[in-house]
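Below, each chain spelled out in residue letters.
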Amino acid sequence: MKEFTYQKGINVGGWMSQYQDLTDDLSSHLASFITEEDIDRIAQWGADHIRLPFESSAICNETYDYMEKCIEWCNRRGMGVLLDLHYIDGMSCDPLLPENPLFLPENQQCFISIWDEVSARLQTHGEGLRYELLNEVTDGTGYGWNKMYPMGVAAIRSREPNRKIYVGSNRMNDVNHLAELHLMDDPNLIYNFHYYDPHAFTHQMAPFDQDMHAFHHAYDYPCFFGEELYHYVKDHPDYVARCPGVLLTHNNREDMLRRLRPAREFIRCTGKPLYCGEFGVISLADENAASKWIHDLVDVLRQMKIGYAYWCYKVRDFGLVDRNSKELKPELAKTLFE
């Protein structure tokens, strides 16, 4: 039996999730945005899996057909697929919202029904398929997600007792919130976080981010965040509430190790494996600076034995290839998968 390792991966966003600004025809988009040639390139780079985001609005028989095609394409090349429920109708990613509508009974039931349906459709696939319950949950109470995620596990376990399931931490999979997770007694659960710290570097000048668009400052790596960021934070206190780590002033390998201390402590204290499901640097950043930051992070994650998936393969502001699958950052692909 083929062993799938899920250590070096990449997100295939924009295909079955976050596609609305790319197309008004889901059917043609599913057929063309990602093809077997794209999967072949990812395999040739040296990845051992992809993280495949999907959202509730895209669920239909045609989407399931392409999910299964993708699983087949990947498994044939020795790569696994981590199927990530990226968004469901009703959820909010606003960290300042005291109560997320995600936890309303009707939205909880939608969450359970999605995983019941996915499991029914895909249960025959082997270890070349894993599930991630929900992407970047933001729970202002600190209690809702701990009550809700076991419901998704139960929906899957009714058919698939041994399927590997990934569970993210609160506040958009923040590494600092891993300790809040109530761990289940299930040897096939893997916990995960995302890493985009420091935000002022990874999202510098991002047009979709209100703070970075307003701040509009470029940074090298390594670097020191000087007075310009201090003054912005002073004038925009909500930015600190959204991104608490912005108050740390350095961006270098030592700072990275300090910021990832909660991940080391989680592994040490729980004995559970960890996974970093997203990280990346926006394409607007200097490519050399981005490459150095990614090199350091990948090296640190490997030393900690944490599997990872880069955000993102195609477009979505962080992509390694453009809309036409033209390769944009070949050196970065080498860094990620060497």
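Being a predicted model, the structure only gives us computed values, none of them experimental.

Rules and cut-offs
- Residues numbered from 1 in each chain as written.
- Predicted model: local features only at pLDDT ≥ 70, side-chain atom pairs only at ≥ 80, totals over all residues.
- Heavy atoms only, no water.
- 1 Å grid on protein atoms, 1.4 Å probe; cavity = no way out; pocket = protein on both sides within 12 Å on 5 of 7 lines; lining within 4 Å.
- Points joined across faces, edges and corners; volume = space filled by probe spheres on them.
- Nonpolar A, V, L, I, M, F, W, Y, C, P; charged D, E, K, R; others polar.
- Phe/Tyr/Trp six-rings, centres within 6.5 Å; stacked < 30°, edge-to-face > 60°.
- Helix = DSSP H or I, 4+ residues; strand = E, 2+ residues; numbered from the N terminus.
- Buried < 20%, exposed > 50% of the residue type's maximum accessible area, 1.4 Å probe, protein only.
- Lys NZ or Arg CZ within 6 Å of the ring centre and 35° of its normal.
- Pairing = 2+ DSSP bridges.
- Axes fitted to C-alpha atoms, helices over the stretch in contact; angles between N-to-C directions.
- Polar contact = N/O pair within 3.5 Å; in protein donor to acceptor, adjacent residues only side chain to side chain.
- Contact = heavy atoms within 4.5 Å.
- Right-handed = clockwise from strand over helix to strand, strands pointing away.

Participant: Please explain empty space enclosed by the protein as it appears in this structure.
Facilitator: To find leftover empty space, one rolls a probe the size of a water molecule over the atoms. Within this structure, the stated rule accounts for one cavity of 30 Å³ or more. In this structure, the largest cavity spans a volume of roughly 40 Å³. As for the largest cavity, its lining consists of Asp-139, Gly-142, Trp-145, Asn-146, Asn-170, His-177, Glu-180 and Leu-181. Its residues assigned to classes, the lining of the largest cavity comprises two nonpolar, four polar and two charged.

Participant: Explain the packing of aromatic side chains to me, please; I cannot follow it from the model alone.
Facilitator: A ring pair, where both rings are aromatic, is described by two values, the distance of the centres and the angle of the planes. According to the stated counting rule, one finds 19 aromatic pairs in the structure shown. Ring centres of Phe-201 and Tyr-221 lie 5.9 Å apart, and the angle between their planes is 45°; on these two criteria the pair is classed as tilted. With Phe-201 in helix α7 (residues 199-202) and Tyr-221 in the loop between α8 (210-215) and β7 (223-224), the pair connects residues that are 20 residues apart, well separated along the chain. According to the relative accessible area criterion, Phe-201 is buried, its value standing at 0%. Assessed through its relative accessible area of 3%, Tyr-221 is described here as buried. Where Tyr-219 meets Phe-225, the ring centres are 4.7 Å apart and the plane angle is 90°; that geometry is what we call edge-to-face. Residues Tyr-219 and Phe-225 agree in their burial class; the two are buried. Feature note: the residues Phe-215, Tyr-219, Phe-225, Tyr-232 and Tyr-239 constitute an aromatic cluster, connected by ring pairs. Directly above the ring of Tyr-66 sits Lys-69, whose terminal nitrogen or CZ lies 4.5 Å from the centroid. Above the plane of the ring of Tyr-131 lies Arg-163, whose end atom (NZ or CZ) is 5.2 Å from the centre.

Participant: How should the sheet that holds strand β10 (residues 307-310) be read in this particular structure?
Facilitator: Sheets are built from strands that pair by backbone hydrogen bonding, the pairs being arranged parallel or antiparallel. Read once around its circumference, the closed barrel built from eight strands follows the order β1-β2-β3-β4-β5-β6-β9-β10, with strand pairing classed as parallel. Neighbour to neighbour, the strand axes of the sheet diverge by 30° on average, direction disregarded. Of the strand pairs in this sheet, strand β3 (residues 80-87) and strand β4 (residues 129-132) are connected by four bridges, and their pairing is parallel. Bridge assignment links Leu-83 to a residue of β4, and that residue is Tyr-131.

Participant: I keep staring at the side chain of Arg-130 and nothing clicks. Help me out?
Facilitator: Within the secondary structure, Arg-130 sits in strand β4. The exposure class assigned to Arg-130 is buried, which follows from its relative accessible area of 7%. Polar contacts involving the side chain of Arg-130 include one to the side chain of Glu-127, which spans 2.3 Å. For Arg-130, the residues in contact, after removing those within four places along its chain, are Phe-4, Tyr-6, Val-81, Leu-82, Leu-83, Arg-163, Lys-164, Tyr-166 and Ile-190.

Participant: What's the story with the layout of surface pockets in this structure? I'm lost.
Facilitator: Computed from the structure, the largest pocket encloses a volume of approximately 1200 Å³. What lines the largest pocket is a set of 37 residues, among which Glu-136, Met-172, Tyr-196, His-199 and His-203 lie closest to the centre. At the level of elements, β3, α6 (170-173), β6 (189-195) and α8 are the ones that each hand at least two residues to the lining of the largest pocket. Taken together, the residues of the lining of the largest pocket sort by class into 16 nonpolar, 10 polar and 11 charged.

Participant: Explain the side chain of Ser-56 to me, please; I cannot follow it from the model alone.
Facilitator: When you line up the elements, Ser-56 lands in the loop between β2 (49-55) and α3 (61-76). Taking the relative accessible area as the measure of exposure, Ser-56 reaches 14% and is therefore buried. Of note is the side chain of Ser-56, whose polar atom sits 3.1 Å from the backbone nitrogen of Asp-89. Residues contacting Ser-56, with those up to four places away along its chain left out, are Leu-85, Tyr-87, Ile-88, Asp-89 and Ile-114.

Participant: For this particular structure, what's the right way to read the pairing of β2?
Facilitator: On a regular strand, each side chain points to the face opposite its neighbour's, so the side chains alternate between the two faces of the sheet. Where burial is concerned, most of β2 is hidden: seven out of the seven residues are buried. Here β2 shows no split at all, with His-49, Arg-51, Pro-53 and Glu-55 on one side and Ile-50, Leu-52 and Phe-54 on the other all buried. Taken together, the three bridges between strand β1 (residues 8-11) and β2 define a ladder with parallel strand orientation. Directly across from Gly-9, in β2, lies its bridge partner His-49. Strand direction decides the pairing type here: β2 and β3, joined by seven bridges, are parallel. Bridge pairing links Pro-53 to Asp-84 in β3. The handedness of the β2 to β3 crossover, carried by α3, is right-handed.

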